[in-house]
Amino acid sequence: EAQVTQNPRYLITVTGKKLTVTCSQNMNHEYMSWYRQDPGLGLRQIYYSMNVEVTDKGDVPEGYKVSRKEKRNFPLILESPSPNQTSLYFCASSSYTYQGPNYLIAKNIQYFGAGTRLSVL
Amino acid sequence: DAKTTQPNSMESNEEEPVHLPCNHSTISGTDYIHWYRQLPSQGPEYVIHGLTSNVNNRMASLAIAEDRKSSTLILHRATLRDAAVYYCILRPLGGGANSKLTFGKGITLSVRP
């Protein structure tokens, strides 16, 4: 079954204590992404990765780090969490159709994980 | 980014068709129209997408206006499980940063038994 798996689903932590939210997909997708969802603000992209060792900032990257050492995994790292990072986080993945050395077309369907609800006290 | 406008909420009766509208008057020629939905306590889920022609799949149909300035997601027989927030999203052609989905507020669909 095609899946994007996030762990943990729920996390309560304190300001400044480093944490990692894991994301894993079993579809061999090149593209992976992290979003956060806040009331009244909708979903906003934090970081994305087009392939192994290729990552880039989304709209709200401050306070977050990511890594992509393996194709299936894309962890989200909060080095020093703060209360304004209390949010619902989603990981997503999709595949590309390779069109040439400088042009990629996403296959259009993104698969999302079930979400991680983070509270930073 | 081209913007979409959707009503805040809609109600439907179970087993009746539902038409969810979306306006996107500033759509460009290479923008795809995507619909995703988010069930309570779940991540967003792909529903359907199209460019110019109407599209059907097992979940829904997408009707696209001839001038592409609006579209309608059609659920042929609403079930209680279809109660969700439905997002209409324009997605430019291309990869990289263009793969980002820009979510608005969406339409909250309620389904009455």
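Residues numbered from 1 in each chain as written. Chains lettered and ligands numbered in written order. Predicted model: local features only at pLDDT ≥ 70, side-chain atom pairs only at ≥ 80, totals over all residues. Heavy atoms only, no water.

Focus on the overall build of chain B
Check the secondary structure of chain B and you find zero helices and nine strands. If you list the helices and strands of chain B from N to C, you get β-β-β-β-β-β-β-β-β. In terms of overall dimensions, chain B is globule-like: its C-alpha atoms have a radius of gyration of 13 Å, near the 13 Å expected for 113 residues. For the C-alpha atoms alone, the extent of chain B along its principal axes is close to 40 × 30 × 25 Å. Within the structure as shown, chain B displays about 5,600 Å² of accessible surface, and the carbon and sulfur contribution to it stands at 48%. Taking the average place of the 11 positive charges on the side chains of chain B and the average place of its 10 negative ones, the gap between the two points comes to 6 Å. (Helix = DSSP H or I, 4+ residues; strand = E, 2+ residues; numbered from the N terminus. Rg over C-alpha atoms; globule rule 2.2 N^0.38 Å. Areas by Shrake-Rupley, 256 points an atom, 1.4 Å probe, with all protein chains shown as cover. Lys, Arg positive; Asp, Glu negative; His and termini not counted. Charge placed at Lys NZ, Arg CZ, Asp CG, Glu CD.)

Digging into the sheet that holds strand S7 (residues 65–66) of chain A
All names here are of chain A. An order of S1-S3-S8-S7 is seen for the four strands of this open sheet, with the pairing classed as antiparallel. Of all the strands in the sheet, the pair left with one neighbour each is strand S1 (4–7) and S7. Relative to strand S3 (residues 19–25), S1 runs antiparallel, the two being bridged by four bridges. The partner of Thr5 across the bridge, within S3, is Ser24. (Pairing = 2+ DSSP bridges.)

A word on unusual backbone geometry
The omega torsion of the bond from Asn7(A) to Pro8(A) falls at -5 degrees, within 30 degrees of zero and hence cis. Looking at where Pro8(A) falls in the secondary structure, it is placed in the loop between S1 and strand S2 (10–13). The residue Asn28(A) is not glycine, and still its phi comes out positive at about 60 degrees. Along the chain, Asn28(A) turns up in the loop between S3 and strand S4 (31–38). Here the phi dihedral of Glu15(B) falls at roughly 70 degrees; this positive angle occurs in a residue that is not glycine. With respect to the helices and strands, Glu15(B) occurs in the loop between strand S1 (9–13) and strand S2 (18–23). Its relative accessible area of 51% is what places Glu15(B) among the exposed residues. (Buried < 20%, exposed > 50% of the residue type's maximum accessible area, 1.4 Å probe, protein only.)

Things to note about the state of the cysteines
Counted according to the given criterion, the structure contains two disulfides over all chains. Here Cys23(A) pairs with Cys91(A) through a disulfide, and the sulfurs are 1.9 Å apart. One quick way to see it: the torsion about the S-S bond of Cys23(A) and Cys91(A) is about -75 degrees, and its sign makes the bridge left-handed. Of the two residues, Cys23(A) sits in strand S3 while Cys91(A) sits in strand S9 (residues 87–94), which places them 68 residues apart along the sequence. You'll find Cys23(A) and Cys91(A) in the same group, each marked buried. Sulfur-sulfur distance for the disulfide between Cys22(B) and Cys88(B) comes to 2.1 Å. On the sign convention where negative is left-handed, the bridge of Cys22(B) and Cys88(B), at about -85 degrees about the S-S bond, is left-handed. Of the two residues, Cys22(B) sits in strand S2 while Cys88(B) sits in strand S8 (residues 84–92), which places them 66 residues apart along the sequence. (Disulfide = S-S within 2.5 Å.)

As for the sheet that holds S1(B)
All names here are of chain B. What the five strands build is an open sheet, ordered S1-S9-S8-S3-S4; its pairing is mixed. Each having just a single partner strand, S1 and strand S4 (45–50) make up the two edges of the open sheet. For this sheet the average axis-to-axis angle between neighbouring strands, irrespective of direction, equals 25 degrees. As paired elements, strand S3 (residues 31–38) and S8 share eight bridges and run antiparallel to each other. In the strand pairing of S8, Tyr36 is matched with Tyr87. (Axes fitted to C-alpha atoms, helices over the stretch in contact; angles between N-to-C directions.)

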